[in-house]
Amino acid sequence: MPIEFDLRVSPETAAKQDLLQLAAAGQMDVPAESIRAVQILRRSVDARKSPVWINLRIAVFIAEDPPAFIPPPHPAIPVPVLSAERARQRQAIVVGAGPAGLFAAIALLEKGIQPILLERGKAVRERRRDLALLNREHVVHPDSNYCFGEGGAGTYSDGKLYTRSKKRGDVRQVLEWLVAFGASEEILIDAHPHIGTNKLPGIIENIRHFILARGGQIHFDKRVSRLLIQAGRIDGVECADGSRIQAPDLILATGHSARDVYRMLQEQGIALQAKAFAMGVRVEHPQALIDRIQYHLKPDQSDRGPWLDAAPYTLTRQVKGRGVYSFCMCPGGIIAPCATAPGEVVTNGWSPSKRDQPWANSGIVVEIKPEDWGAFNACGALAGMEFQSSLEQACWLAAGQTQRVPAQGLSDFVQNRPSSSLGPSSYVPGTTPCNLNKLLPQSISRCLVEGFRYFGQVMRGYICEEAIVHAPESRTSSPVRIPRDEHNRQHPGMPGLYPVGEGAGYAGGIVSAAVDGLQSARMIGKNA
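Summary of the structure given here. What you see is a predicted model, and the numbers here were worked out from it, not measured in a lab.

Overall, antiparallel pairing links the 3 strands, which are arranged 7-8-9 in an open sheet. Each of the sheet's edge strands pairs with one partner strand only, and the pair in question is strand 7 (224-230) and strand 9 (244-246). Here the average twist between neighbouring strands, direction ignored, is 30°. The pairing of strand 7 with strand 8 (residues 233-239) spans 6 bridges and is antiparallel. Bridging from a neighbouring strand, Val-224 pairs with Cys-239 of strand 8.

Okay, the environment of Asn-435 next. Mapped onto the elements of the fold, Asn-435 is located in the loop between strand 19 (431-433) and helix 12 (436-439). Overall, the relative accessible area of 14% leaves Asn-435 in the buried class. Note: C-alpha distance between Asn-435 and Ser-420 (15 residues apart in sequence) is 9.8 Å. Once residues within four sequence positions are removed from consideration, Asn-435 is found in contact with Gln-408, Asn-416, Arg-417 and Pro-418.

Turning our eyes to something else, we now look at the pairing of strand 12 (residues 277-286). Counting buried positions along strand 12 yields 9 of 10 residues, so the element is predominantly enclosed. Of the strand pairs in this sheet, strand 12 and strand 17 (residues 359-368) are connected by 10 bridges, and their pairing is antiparallel. The residue bridging Arg-282 from the neighbouring strand is Gly-363, located in strand 17. Where strand 12 lies against strand 20 (residues 468-473), 4 bridges are found, and the strand directions are antiparallel. Paired with Glu-284 across the strands is Ile-468, a residue of strand 20.

What follows covers the sheet that holds strand 14 (residues 322-330). An order of 13-14-17-12-20-18-19 is seen for the 7 strands of this open sheet, with the pairing classed as mixed. Because the sheet does not close on itself, it has two edges, and the strands there are strand 13 (316-319) and strand 19. Shown here is a sheet whose adjacent strand axes are inclined to one another by a mean of 30°, direction ignored. Packed on one face of the sheet, helix 9 (residues 287-294) meets strand 12 and strand 17 and runs near 95° to strand 12. Set on the sheet, helix 13 (residues 442-458) makes contact with strand 12, strand 13, strand 14 and strand 17; between it and strand 17 the angle comes to about 130°.

Running from N to C, helix 4 (residues 99-110) and helix 15 (residues 510-527) cross one another at 35°; their axes reach a closest spacing of 7 Å. The way helix 4 lies across helix 15 gives a crossing that is right-handed. Contacts between helix 4 and helix 15 pair Pro-99, Ala-100, Phe-103, Ala-104, Ala-107, Leu-108 and Glu-110 from the former with Ile-510, Ala-513, Ala-514, Gly-517, Leu-518, Ala-521, Arg-522 and Ile-524 from the latter. Looking at the contact of helix 4 with helix 15 residue by residue, the classes come out as 12 nonpolar, 1 polar and 2 charged.

The relative placement of two aromatic rings is captured by the distance of their centres and the angle of their planes. Within the structure shown, the criterion is met by 9 aromatic pairs. Measuring from ring centre to ring centre gives 5.5 Å for Tyr-313 and Tyr-462, while their planes differ by 90°; the resulting arrangement is edge-to-face. Taken together, the residues Tyr-313 in the loop between helix 9 and strand 13 and Tyr-462 in the loop between helix 13 and strand 20 connect sequence positions 149 residues apart. Neither residue differs from the other here; Tyr-313 and Tyr-462 are each classed as buried. For the pair Phe-452 and Phe-455, a centre-to-centre distance of 6.4 Å together with 85° between the ring planes defines the contact as edge-to-face. Taken together, the residues Phe-452 and Phe-455, both in helix 13 and 3 residues apart, mark about one turn of the helix. In terms of burial, Phe-452 and Phe-455 fall into one category: buried.

Looking now at the pairing of strand 4 (residues 91-95). Among the 5 residues that make up strand 4, 4 are buried, leaving the element largely enclosed by the rest of the structure. Two elements, strand 4 and strand 5 (residues 114-118), share 5 bridges in a ladder whose sense is parallel. Looking at the pairing, Val-94 lines up with Leu-117 of strand 5. Pairing geometry for strand 4 and strand 10 (residues 250-252), over 3 bridges, is parallel. Residue pairing in the sheet places Val-95 in a bridge with Leu-252 of strand 10.

Let us now look at the pattern of salt bridges. A complete count under the given rule lists 34 salt bridges for this structure. Across the pair Lys-222 and Asp-241 runs a salt bridge whose closest N-O atoms are separated by 2.7 Å. Taken as a pair, Lys-222 in the loop between strand 6 (217-219) and strand 7 and Asp-241 in the loop between strand 8 and strand 9 lie far apart in primary sequence, 19 residues in all. Two residues, Glu-344 and Arg-259, come together in a salt bridge whose shortest N-O distance is 3.3 Å. Residue Glu-344 is located in the loop between strand 15 (334-337) and strand 16 (347-350), and its partner Arg-259 is located in helix 8 (residues 259-267); the two are separated by 85 residues in the primary sequence. Look at the salt bridges and you will find they share partners, linking Arg-120, Asp-143, Arg-223 and Asp-260 into a network.

What counts and what doesn't
Residues numbered from 1 in each chain as written. Predicted model: local features only at pLDDT ≥ 70, side-chain atom pairs only at ≥ 80, totals over all residues. Heavy atoms only, no water. Pairing = 2+ DSSP bridges. Helix = DSSP H or I, 4+ residues; strand = E, 2+ residues; numbered from the N terminus. Axes fitted to C-alpha atoms, helices over the stretch in contact; angles between N-to-C directions. Buried < 20%, exposed > 50% of the residue type's maximum accessible area, 1.4 Å probe, protein only. Contact = heavy atoms within 4.5 Å. Left-handed = near helix turned anticlockwise from the far one by under 90°. Nonpolar A, V, L, I, M, F, W, Y, C, P; charged D, E, K, R; others polar. Phe/Tyr/Trp six-rings, centres within 6.5 Å; stacked < 30°, edge-to-face > 60°. Salt bridge = Lys/Arg side-chain N within 4 Å of Asp/Glu carboxyl O.

Here it is in structure tokens:
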């Protein structure tokens, strides 16, 4: 049996097997040559002080070799192939091919139920053409963009796998399945795992092929426009193309930006609830500056060196009774245009797997409260959503009615002075100088200013001339919750309707959404 223990080492030692073996031997007081291998089980960076250390949980093999992980040509996931007869016996509709919908489809197959997966957008590779049009020509395709399409919002906006989910077994299963579909084994080790936008499309394609090979159905360009209800329960869906698909169970996994779905549900009398969320801006710095701050680099150190990744940061502050915090921080990343309809602008960030771009960006957002959306109270449970939409439209108008975004130097924003010009930004559609203090609602702008001042104290150099603030960062989470029973996971007023994932208000990222989809699909299987 291997011997497991914790070890604190330098970044170079953590990166080199021979040095790690020497460090383990020293800790165990055994000859280094007696160790056959050292396997890293868990890894995190401790950059609180200089020098930076890497905290490891390791397994040391002395009398045996470590087990080799060899990804199979087809994922070794225990899901049977459905026969045509079995598929006709029990089906369930899954709306949305993001992580919640994809993993729900796998779990349905696991239970012998055929998933009929409906995605309003295009297959993952085909989405790229629409993203290129969005970036270069400012054309927003309402069904194919950074938020809609196979893989969901996370596919082309980073692939972070951070989660606070307490369902640890399910979290591990999701990570292991992602590795089986092509993700690096590193996601099983790192405290803050990340796949990268350049790697995710291939993984998503592998998941699609797996679902189809096991007997599932997947249909693209199928936007659901109405629920079919019979005798007070779900009977299927009607799509925008006029087609109807019937099944007794419906997993609704449409993501936090499907506003038309919320409006459809409200029009059909399906109870909804307004939900807390946050909005703000996305700030961008040179990554080298964030590295210097976070890794405590000396003035004569030109960069972080070869053994450390691009430095992230996490910031939080209470201001005027509201939380102000960093969101979706992207080291070595890029700011992307994430509008889902014409007449609005939205920002988000992503990083490639190597996190090797020259910029670091992060959402800095403010807690939104019911009094903020008071002017929209006539919209009922959708009041927060309409408030969110109004800010995105205001920013679109301020930046010239294109996908350019209103932007301001961070120093100027904190000092409430206009920026006469702006430096370079990773945001491809471009920026328009604007005084965000006047554009943003005062409840947001005042809290942001105080938050930034505090962040500048804890990260010396954070407020600088090179930093640029882009507005808005508005899609942090859904402003609407679709209620469900905590025991049977169905909508309390509509049997057969299973709201899941970020769009339903029960998840906050790829892993938690995937776990939520698994849980609801398995509940359908339990009731089958």
